Each structure stands twice: as structure tokens, then as C-alpha cells.
Amino acid sequence: MKKLEVASVCNYIYNNRSRLEHEVRELQSNLRYRQIDVVDCIETACAIERLNTFKQTTKDILTLLNLIELNELYTTEDEGTPSRGVPRPKNKG
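None of the values given here were measured: they were computed from a predicted structure.

## Describing the overall build of the protein
- Helix and strand content of the protein: three helices and zero strands.
- Reading the secondary structure of the protein in the N-to-C direction produces α-α-α.
- The 93 residues of the protein split such that 25% are buried.
- Within the protein, residue pairs in contact and separated by at least 24 positions form 58% of the contacts whose partners lie at least 6 positions apart.
- Accessible area for the protein stands at about 6,800 Å²; split by element, carbon and sulfur atoms hold 53% of it.

See below:
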């Protein structure tokens, strides 16, 4: 893949993952600070599942595109997003 294409994929992944993580945090915050009902719990569970599905799909796509270095950044144990913005692939050689 060209560098521009890799950067576009990374931007897409970063932006969507950030959005999904924000959604989960917001829904979890709502559960803490108000009286909850079944609908709140279901919404939170669905948001967590969307995030987990996105993470797994992203991992599979990066593996298929042989972007293993990028895949390792997105599958760390802490599951945090890279602090430096869009990750750059390592030079092979």
C-alpha cells in the first residue's frame, strides 16, 4: 500500500475508535450519576460490543493488509490509543 493509503486507513481507525470509546465512556458515566433502568444497561452493553467488534475487525484488516506493526499498536494490553496521533509503519530492512 502507498503511504497515503496507510495514513488514510490509520486516520479512519483512530477516529472511529476514539468515537466509539467516547460513546462507551459517556454511557458508563450516565450509569454512575443517575438512576438507571434496563434500557440504559442495554445501550451501554451494545456500545461496548460495537467497540469490541470494531477492535477485532480492525485487527483482522491490519493483519490481512500485512500491516503487522500497526496491528501491534492497536492490540496492546492497555487497549489505549496511540498518544502521538497516527502511527507510522516501521521501516523493514
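Moving on from the coordinates now.
## Examining the packing of aromatic side chains
- Scanning the model with the defined rule gives one aromatic pair in all.
- A ring pair is formed by Tyr-12 and Phe-54, whose centres lie 6.3 Å apart and whose planes are at 55°; its orientation type is tilted. Of the two residues, Tyr-12 sits in helix α1 (residues 3-33) while Phe-54 sits in helix α2 (residues 38-64), which places them 42 residues apart along the sequence.
- With a relative accessible area of 51%, Tyr-12 lands in the exposed category.
- On the basis of relative accessibility, which here comes to 14%, the residue Phe-54 falls in the buried class.

Conventions used here
- Residues numbered from 1 in each chain as written.
- Predicted model: local features only at pLDDT ≥ 70, side-chain atom pairs only at ≥ 80, totals over all residues.
- Heavy atoms only, no water.
- Helix = DSSP H or I, 4+ residues; strand = E, 2+ residues; numbered from the N terminus.
- Buried < 20%, exposed > 50% of the residue type's maximum accessible area, 1.4 Å probe, protein only.
- Contact = heavy atoms within 4.5 Å.
- Areas by Shrake-Rupley, 256 points an atom, 1.4 Å probe, with all protein chains shown as cover.
- Phe/Tyr/Trp six-rings, centres within 6.5 Å; stacked < 30°, edge-to-face > 60°.

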